[in-house]
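Architecture at a glance
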Amino acid sequence: MPLPVIRRPHPRSRFGCFVCRARHKKCDERHPLCSACDRNQLVCSWPAAASKISSGAELPPLPKALRGQGPASDLLRYYIDCTAPRLAGKVDPENPFVTYNLPIAWSNDLLLHVILATSASHLAYISRILRDYVKKLNKVLATPPDDTSGKLNLLSTILALCFFEVRGPRVVQRHWELTSVQVVSCNRQGALFHHLRASRVIIAELQTKQIQLDQALFGFCLEQYCYLAIVSNITHGANSCNGERNTEFLEIPLRHLNFGSKIYGCMFGCSHQLFEVIPRIACLAKCHSFSNHRANESRTKDFEILERRIENWQPTLGLQQSWLNSPQRIEELQIAGNAYQQACLIFLHTSFHGPHPPDTHLFARVDVCTEKFLNYFGQLSTESPAWTTMMWPMIIVGSCLRTARQRRIFTDIVNKSTFQMRIVDSTLRFIQWVWEAYDYDQSTYGPYSIERIIRTKKFNICVA
């Protein structure tokens, strides 16, 4: 009788690509594209080469709830090396999506599963694998805490959900309207605003308890909230001035958020003053329906003030003071700021023009800005962290590209980016809908056309 074949266990490779690890396949570690990914036409993704945060030999011991679950460690490492760097617009010298959120996650099951689901979804997008961590979110949602620390942790979790990029599964609605949001995948139901509304309620309550707060973590949460609220202004519609889309409740300018901290500018880069004008421009569009002479005079004055403020923008100095050892990253963020400057001017000109069909005067002013934007956009490194925050200017400027040459340049730049997030593909597809509509009807132009496409396609895009 033949003896049974005994398979010898072989040590698992610690240097294989993330896709093979998730698929539980042996990786031949061939760079830059391993044989398995090449054969299966998958996007091969590797750990970051050298990172202050990811260079440690091992992750801390997993929480008890995840011990014995093989994929958890891989997903956490993937989050640190690949996903988290694509959530912040500035990751040096410190990425708060790792240094702030992970310590909380080790003692907070809800945030931990949000992080795992985000990592799994990102991996699913680039490797066609989908994990089941989304389902586990339903089991860990619990009654909101009463203590200040617990509420701050819950705020961190809600904001983490805003970057959650899963296509289908929905999280059960609980307290503070905690529904699923897929910002990175362009959630079609606009669930982002449920989270912003929930976050704003918690922020307002925590602002009354400043003495008891972890100020560093609260500052990080404020910057995330302000960024998400501001970039949700992509149209000139009736809802442009909704409370969750502005930051008027802040008692300090954006450039003072986290000033002096290692995470300063993690979402705003060096463009704080440009972000501040976006909600004001959206409100300027809402005032267009006023027809009396005094209102029009006031609106014209507001336009001139905003135009001067945008044109006179200079990079935030606080960033340069703390980043003297990283001139390349400063240059990248300045390029992104220049691109934002042109997008803000386009947003302003189309807002002031109103919902009327575009004319030659508007085309002339906007075309100058689009050419400058494409120039700056093309200078941005394909691997720059600044890509994280480029979706808003992409969709604003993209909605105004009229010629085949402009569209081809824009599309080529986007396709060359290594920023592997579903939001890039979804944003480009949405812009292509705008182009198709413009080619059929030239009144479909600019941010007003974005609103029209949202209605006709029933696609409530989020561009964070």
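Residues numbered from 1 in each chain as written. Predicted model: local features only at pLDDT ≥ 70, side-chain atom pairs only at ≥ 80, totals over all residues. Heavy atoms only, no water.

- An unreviewed UniProt entry annotates the protein chain as C6 transcription factor, putative originating from Talaromyces stipitatus.
- Under the UniProt heading Subcellular location (unreviewed entry), the note attached to the protein chain is "Nucleus". (UniProt positions renumbered as here; feature names shortened; annotations may be inferred.)

Some details on the overall build of the protein chain
- Per the secondary structure count, the protein chain includes 19 helices and zero strands.
- Looking at the protein chain alone, contacts between residues at least 24 apart form 72% of all its contacts between residues at least 6 apart.
- When the accessible surface of the protein chain is split by element, carbon and sulfur atoms take 52% of a total near 21000 Å². (Helix = DSSP H or I, 4+ residues; strand = E, 2+ residues; numbered from the N terminus. Contact = heavy atoms within 4.5 Å. Areas by Shrake-Rupley, 256 points an atom, 1.4 Å probe, with all protein chains shown as cover.)

Some points on the environment of cysteine 226
- Along the chain, cysteine 226 turns up in helix α10 (residues 215-231).
- Measuring from C-alpha to C-alpha, the distance between cysteine 226 and leucine 250 comes to 9.2 Å, with 24 residues separating the pair along the chain.

Brief notes about the side chain of serine 119
- The residue serine 119 is located in helix α6 (residues 109-127) in this model.
- For serine 119, the contacting residues outside a window of four places in its chain are Leu75, Tyr78, Tyr79 and Thr83.

A few points about the pattern of salt bridges
- Scanning the model with the defined rule gives ten salt bridges in all.
- Between arginine 402 and aspartate 367 there is a salt bridge, with its nearest N and O atoms 2.5 Å apart. With a gap of 35 residues between them, arginine 402 in the loop between α16 (391-398) and α17 (404-416) and aspartate 367 in helix α15 (residues 360-379) connect regions that are remote in the sequence.
- Each of Lys151, Glu205 and Lys209 takes part in salt bridges that share partners, so that together they form one network. (Salt bridge = Lys/Arg side-chain N within 4 Å of Asp/Glu carboxyl O.)

Regarding the packing of aromatic side chains
- Throughout the structure, instances matching the rule amount to 17 aromatic pairs.
- Between phenylalanine 377 and phenylalanine 410, the ring centres sit 5.7 Å apart and the planes meet at 40°, which makes this aromatic pair tilted. Taken together, the residues phenylalanine 377 in helix α15 and phenylalanine 410 in helix α17 connect sequence positions 33 residues apart.
- Residue class for phenylalanine 377 comes out buried when judged on its relative accessible area of 1%.
- For phenylalanine 410, a relative accessible area of 0% corresponds to the buried category.
- Here the aromatic cluster, defined as three or more aromatic residues joined through ring pairs, consists of Tyr227, Phe268, Phe275, Tyr340, Phe347 and Trp392. (Phe/Tyr/Trp six-rings, centres within 6.5 Å; stacked < 30°, edge-to-face > 60°. Buried < 20%, exposed > 50% of the residue type's maximum accessible area, 1.4 Å probe, protein only.)

What about the packing of helix α18 (residues 422-440) against helix α19 (residues 446-457)?
- It is the contact of α18 with α19, at a shortest axis distance of 10 Å, that shows an interaxial angle of 100°. In terms of axis orientation, α18 runs roughly perpendicular to α19. Along its contact with α18, which presents Phe430, Trp433, Val434 and Ala437, the element α19 presents Ser449, Ile450, Ile453, Ile454 and Lys457.
- Across the contact of α18 with α19, the residue classes tally to seven nonpolar, one polar and one charged. (Axes fitted to C-alpha atoms, helices over the stretch in contact; angles between N-to-C directions. Parallel < 35°, antiparallel > 145°, perpendicular 65-115°, else oblique. Nonpolar A, V, L, I, M, F, W, Y, C, P; charged D, E, K, R; others polar.)

A few points about helix α11 (residues 272-286)
- Across the 15 residues of α11, eleven count as buried, placing the element largely inside the fold.
- Along α11, the residues that are buried comprise His272, Leu274, Phe275, Glu276, Val277, Ile278, Pro279, Ile281, Ala282, Leu284 and Ala285.

Description of the confidence of the model for the protein chain
- The predicted model of the protein chain has a mean per-residue pLDDT of 76, with 70% of residues at 70 or higher.
- In the predicted structure, residues 3-13 sits below a pLDDT of 50 and forms three contacts with residues beyond four places in sequence or in another chain. (pLDDT = per-residue confidence, 0-100.)

Here we look at the side chain of glutamate 332
- Assignment of secondary structure puts glutamate 332 in helix α14 (residues 327-353).
- Of note is the side chain of glutamate 332, whose polar atom sits 3.1 Å from the side chain of serine 384.
- Not counting residues within four places of it along the chain, the set of residues in contact with glutamate 332 comprises Leu380, Ser381, Ser384, Pro385 and Ala386. (Polar contact = N/O pair within 3.5 Å; in protein donor to acceptor, adjacent residues only side chain to side chain.)

Notes on the nonpolar core
- Counting residues in hydrophobic clusters, the biggest one holds 122 residues, and the most contacted among them are Trp392 and Phe410.
- With twelve residues, α10 is the single largest residue contributor to this core.
- Beyond its immediate stretch of four places on either side in the chain, phenylalanine 410 contacts Phe373, Leu374, Phe377, Met394, Gly398, Leu401, Leu428, Ile431 and Trp435.
- Counting residues in each nonpolar core, the second largest holds six residues, with Cys17, Cys20, Ala36 and Cys37 among its members. (Core = buried A, V, L, I, M, F, W, Y, C linked by side-chain atoms within 4.5 Å.)

Observations regarding helix α8 (residues 148-161)
- The first and last C-alpha atoms of α8 sit 20 Å apart over 14 residues, in line with the 20 Å expected at 1.5 Å per residue.
- Across the 14 residues that make up α8, a large majority, 13, are buried. (Expected span 1.5 Å × (residues − 1).)

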